[in-house]
Amino acid sequence: MRVLVVGGGPGGLYAALLLKRRHPRAHVEVQERNRPDDTFGWGVVLSDQTVANLRAADPASADEIARALHHWDDIAVHFRGRTVRSGGHGFSGIGRKAMLRILQQRCEALGVVLRFEHETPVDLEALVATEHWDLVIASDGINSRIRERYASTFKPDTDLRRCRYTWLGTPRTFDAFTFDVVETEHGWFQAHAYQFDEGMSTFIVEAPQEVWERAGIDRMDAAESIAYCERLFAARLAGAPLMSNAAHLRGSAQWIRFPRITCAQWVHYLVTARGTVPLVLLGDAAHTAHFSIGSGSKLALEDAIALDACIAATPQDRRGALERYQAERAVEVLKLQNAARNSTEWFEHVDRYATLAPEQFAYSLLTRSQRISHENLRQRDPAYVAAFERWFAQRAADDGAAVNAASGTGDSPASVPPLLTPYTVRGCTLPNRVVVSPMAQYSAHTDGTPSDWHLVHLGARATGGAGLVMTEMTCPAADARITPWCPGLWTEAHREAWARIVRFVHEYSPARIGLQLGHAGAKGSTRRMWDGIDQPLPDGNWPLIAPSETEYLKGISQRARAMTRADMDRVRDEFVHAARLGAAAGFDWLELHCAHGYLLSAFLSPLTNRRSDEYGGSPEGRARFPLEVFRAMRAAFPAERPMSVRISAHDWMPGGNTGDDAVTIARLFHQAGADLIDVSAGQVVKEEKPVYGRMWQTPLADRVRQEAPVPVIAVGAISDADQANGIIASGRADLVAIGRPHLANPAWLLAESARLGFNGTGALWPPQYRAAKVQLERLMERERAAIAAAAPAPPKGELT
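The rules we used
- Residues numbered from 1 in each chain as written.
- Predicted model: local features only at pLDDT ≥ 70, side-chain atom pairs only at ≥ 80, totals over all residues.
- Heavy atoms only, no water.
- Helix = DSSP H or I, 4+ residues; strand = E, 2+ residues; numbered from the N terminus.
- Rg over C-alpha atoms; globule rule 2.2 N^0.38 Å.
- Buried < 20%, exposed > 50% of the residue type's maximum accessible area, 1.4 Å probe, protein only.
- Contact = heavy atoms within 4.5 Å.
- Phe/Tyr/Trp six-rings, centres within 6.5 Å; stacked < 30°, edge-to-face > 60°.
- Pairing = 2+ DSSP bridges.
- Axes fitted to C-alpha atoms, helices over the stretch in contact; angles between N-to-C directions.
- Patch = residues over 30% accessible without salt bridge, like charges linked within 9 Å, V, L, I, M, F, W, Y side chains within 5 Å.
- Areas by Shrake-Rupley, 256 points an atom, 1.4 Å probe, with all protein chains shown as cover.
- Salt bridge = Lys/Arg side-chain N within 4 Å of Asp/Glu carboxyl O.
- Core = buried A, V, L, I, M, F, W, Y, C linked by side-chain atoms within 4.5 Å.
- Expected span 1.5 Å × (residues − 1).
- Polar contact = N/O pair within 3.5 Å; in protein donor to acceptor, adjacent residues only side chain to side chain.
- Parallel < 35°, antiparallel > 145°, perpendicular 65-115°, else oblique.
- Left-handed = near helix turned anticlockwise from the far one by under 90°.
- Disulfide = S-S within 2.5 Å.

Caption draft 1: Looking closely at the overall build of the chain. The secondary structure content of the chain amounts to 31 helices and 28 strands. Radius of gyration (C-alpha) of the chain: 30 Å, near the 28 Å computed for a compact globule of 800 residues. Overall size of the chain, expressed as C-alpha extent along the three principal axes, is 90 × 60 × 55 Å. Counting the 800 residues in the chain, one finds 62% classified as buried. Put simply, of all contacts in the chain between residues at least 6 apart along the chain, 73% involve residues at least 24 apart.

Spelled out as structure tokens, the structure:
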């Protein structure tokens, strides 16, 4: 076997030595265009887990690498004159030149041919035919010429990110992985610094493109830009200089934008006279992950390990081996790239989080990728999490006694997870941050009166520990309903039926109860969800209205007519009447439903609002009627009781609302008196193409909260208390709405608290059920012990 490796970085060298080690008779050759010690970086970060993987793959080189590693455990965040440290992360740094030297020596010891200062032609067919290569590995880096030459097969996609960064070194050493975030008159800069040997550290400086330009760095030469960074981070450098290994470049060339690269295919077959020869991508040639999670070299090295293992597993089926290599690695790469995208966006928008207190800013930074959770941080550094929880709990209440009363414990506030801290808005205090999402039950009487099902459904979730229980969308008129089985609030009989439910919640639980009011618009007059979601009724349909004439399901739904001003007056007055009835029924909270394509949501979206009058056009024009309704309801609902607005923050369709519009819409409602924005997304048009995933709508809530700015409720695939704690603790949201998990378990919060080992929920348990509390906690304690005994602790060593 003759193997050609194009590119002599860590990934290419490691692939070469693994293949040669396993196949001593093979001819393995590395061709590199640069000199042996040329490098455009300073240090390489390796997690403890990656070091273990290297040792399993090739102990000889791993031992040499281990001897050269500089290990540290802490992350230090410097922000607004404060330093916040968190431990237990487990990283190692090594000089890039030292790593290259070790891998080069190991290659030479095994008999790998190394050819430096050699330019491999990008048209590989002739080379492969004349030199008889059987396998070509392209590890020629982030600017891979081979990837671009065969782009029609690899189908690369490059996303050039917003920030400019420069990769520098310094003799200043650090005892922790260090983030230093500094505000200037031009905007925010941040440094990522880590020690990689006894006397040197990497020092990466980063800023958004527009900040970099306002600072004038694009007009500086290399020496001037380095001097600027030395002044900017003087407190961290303590007199030490910054150095560049690309000092011959101008300032603008030294500062680059990170390209996020993905490839649809990693394998191409070169056609020659003697058959096809596989060309496979490896490392940055195939994919990139932002340096803020320290995974570029890690991914390349682990690509090499996987490629060697796949080829060894089926030596007679090279094609199948390479297919398995891509299938196996693509999944792991996607996970890290998703984490890296979240991390990248956090650093691109540091200004969003700059209003947070240093404690919360540091927590947000540590959990920015959504791969490191609240409980994972607790495993790494229990003292740090305990101190943070104490700070957060104290901040959430006027004094510790209020926190203790809410949690049902006389312990210090340090024992209260963020999810279980109280939340006060206007005259309403919730005992914790959990909201039972509005969820349609389609179980009202056909005259709109809520039934006993609603009493049991809402009552069970209130006694299950949630701080706020929301009704499903309740309609202010008969023709405002989605189905004939949706509840309403337009008569005194409706008010009394709802008052019965409110009295139960208030009498038997510490929960508050909220009323969500909405109008179905063009999505009305349909069947129950389980009888055919969005399908029109077989008979008995009522006329529909919408901002513009439309059909929700083209050719299937009833056609809604465009509203007149008289229609608007009637609908506004119906909402106001319902708000007054809701107040009389005793509801603690009122939410206006302006999401999911229903009537007011349809006004907000340009996909469904095509009006040419003052109620269409710009975001402000489209929001005009929903704001009119909201202001009228706010005037009618008691001032001491809060109101929220649910919006669809993204339409998931070209031409629809995006996060930019969501911030504008949220700001308008907040200015009109909305206390919180309930941030959902989608369901505006049937053709939508949402991007699902765990906590998939939380980034939208985060953006609205920081940029509008306004308190928010996060919703969408939040399934456990660990996720919810992280969302609240990091300041991504003020409340979390839990939907389907509450359908499966009305006592979701009580069960989750026990699962995580927090037993201070006594006040949330109904006295009738407290006999089960100790039993549940013992059961969960045994489960935790069994899980801990069966599996090792999760690996450390991710900057995420």
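From this point, the narrative continues.
Caption draft 2: Representation of the packing of aromatic side chains in the model. Using the criterion set out here, one finds 33 aromatic pairs in the structure. Ring geometry for W167 against F291: centres 6.0 Å apart, planes inclined by 70 degrees, an arrangement best described as edge-to-face. Taken as a pair, W167 in strand 10 (residues 156-170) and F291 in the loop between strand 16 (275-281) and helix 12 (296-313) lie far apart in primary sequence, 124 residues in all. On the basis of relative accessibility, which here comes to 24%, the residue W167 falls in the partly exposed class. What links up through ring pairs into an aromatic cluster is the set W72, F79, F91, F177, F179, W188, Y194, W346, F347, Y353 and F361.

Caption draft 3: Highlighting the sheet that holds strand 28 (residues 735-738). If you walk around this closed barrel you meet the eight strands as 19-20-21-24-25-26-27-28, and the pairing is parallel. Each adjacent strand pair in this sheet contributes to an overall mean axis angle of 25 degrees, direction not counted. One ladder, built from three bridges, connects strand 26 (residues 676-680) with strand 27 (residues 712-715); its direction is parallel. Pairing of I677 across the sheet is with V712, part of strand 27. Packing against the sheet, helix 26 (residues 659-671) makes contact with strand 24 (589-594), strand 25 (643-648) and strand 26, and its axis sits at approximately 160 degrees to strand 25.

Caption draft 4: Looking closely at unusual backbone geometry. The amide bond that connects A708 to the next residue, P709, takes the cis arrangement and shows omega of -25 degrees. Even without a glycine there, the phi angle at Y442 is positive, about 50 degrees. With respect to the helices, strands and loops of the structure, Y442 is situated in the loop between strand 19 (434-436) and helix 19 (452-463). The phi torsion at A717 lies on the positive side, around 55 degrees, for a residue other than glycine. By secondary structure assignment, the location of A717 is in the loop between strand 27 and helix 28 (721-729).

Caption draft 5: Structural detail: a nonpolar patch on the surface. A cluster of nonpolar side chains, M529, W530 and I533, forms an exposed patch at the surface whose accessible area comes to about 330 Å². Looking at where W530 falls in the secondary structure, it is placed in helix 21 (residues 529-532).

Caption draft 6: Fine view of the sheet that holds strand 7 (residues 91-95). The three strands lie next to each other as 3-7-4, forming an open sheet whose pairing is antiparallel. With one partner strand each, in any of the chains shown, strand 3 (43-47) and strand 4 (70-72) form the two edges of the open sheet. Taken over all neighbouring pairs, the strand axes of this sheet differ in orientation by 25 degrees on average, direction set aside. Pairing analysis gives three bridges linking strand 4 to strand 7, with the strands arranged antiparallel. Residue pairing for strand 7: H71 is matched across the bridge by S92. In this fold helix 2 (residues 48-57) packs onto strand 3, strand 4 and strand 7, with an angle of close to 85 degrees to the strand it touches most, strand 3. Seen against the sheet, helix 4 (residues 96-110) touches strand 3 and strand 7 and runs at an angle of roughly 80 degrees to strand 7.

Caption draft 7: Here's a closer look at the environment of R231. Mapped onto the fold, R231 is located in helix 9 (residues 222-232). In this structure R231 comes out as exposed when scored by relative accessible area, which is 57%. As a C-alpha pair, R231 and A285 span 54 residues in sequence and 36 Å in three-dimensional space.

Caption draft 8: A look at the nonpolar core. Ranked by size, the top nonpolar core spans 122 residues in total, and within it F361, L592, F625, M633, V645, F669 and I677 carry the most contacts. At eight residues, the largest contribution of residues to this core is made by helix 22 (residues 565-585). Setting aside chain neighbours within four positions, we find F361 in contact with V77, F79, V181, W346, V350, Y353, A354 and L356.

Caption draft 9: Seen up close, helix 19. Helix length check: helix 19, at 12 residues, gives a terminal C-alpha distance of 16 Å against a target of 16 Å (1.5 Å per residue), a fit within 8%. Restricting attention to buried positions, one finds in helix 19 the residues H454, L455, H457, L458, G459, R461, A462 and T463. Tucked inside the fold, the buried residues of helix 19 contact strand 19, strand 20 (468-470), helix 20 (492-508), helix 29 (740-744) and helix 30 (748-755). Of the residues flanking the end of helix 19, it is G465, one or two places downstream, whose phi is positive at about 110 degrees.

Caption draft 10: Representation of the side chain of Q209. Following the sequence through the fold, Q209 ends up in helix 8 (residues 209-214). You can call Q209 buried: its relative accessible area is 16%. Within the local environment of Q209, its side chain forms a polar contact with the side chain of R164, the two groups lying 2.8 Å apart. In terms of polar contacts, Q209 uses its side chain to reach the side chain of E213, at 2.7 Å. Filtering out sequence-adjacent residues up to four positions away, Q209 remains in contact with R162, C163, R164 and R257.

Caption draft 11: Inspection of the packing of helix 3 (residues 59-68) against helix 4 at higher detail. Here helix 3 crosses helix 4 at 155 degrees, and the two axes come no closer than 10 Å. Relative to helix 4, the element helix 3 lies roughly antiparallel. Crossing hand, helix 3 versus helix 4: right-handed. Across from A60, S61, E64, I65 and A68 in helix 3, the residues of helix 4 making contact are M99, I102, L103 and R106.

Caption draft 12: Inspection of the state of the cysteines at higher detail. Summed over the entire model, instances satisfying the criterion amount to zero disulfides. Of the cysteine sulfurs around C163, a residue in no disulfide, the closest is that of C229, at 13 Å. Free of any disulfide, C263 has its nearest cysteine sulfur in C310, 18 Å distant.

Caption draft 13: Local environment of the pattern of salt bridges. Inspection of the entire model under this criterion finds 54 salt bridges. One salt bridge connects R67 with E64, and the closest N-O pair in it is separated by 2.4 Å. Taken together, the residues R67 and E64, both in helix 3 and three residues apart, mark about one turn of the helix. Assessed through its relative accessible area of 61%, R67 is described here as exposed.

Caption draft 14: Quick peek at the environment of R25. In this fold, R25 is placed in the loop between helix 1 (10-22) and strand 2 (27-31). Of the residues examined, R25 reaches a relative accessible area of 86% and is grouped as exposed. Separated by 23 residues in sequence, R25 and R2 place their C-alpha atoms 9.4 Å apart.

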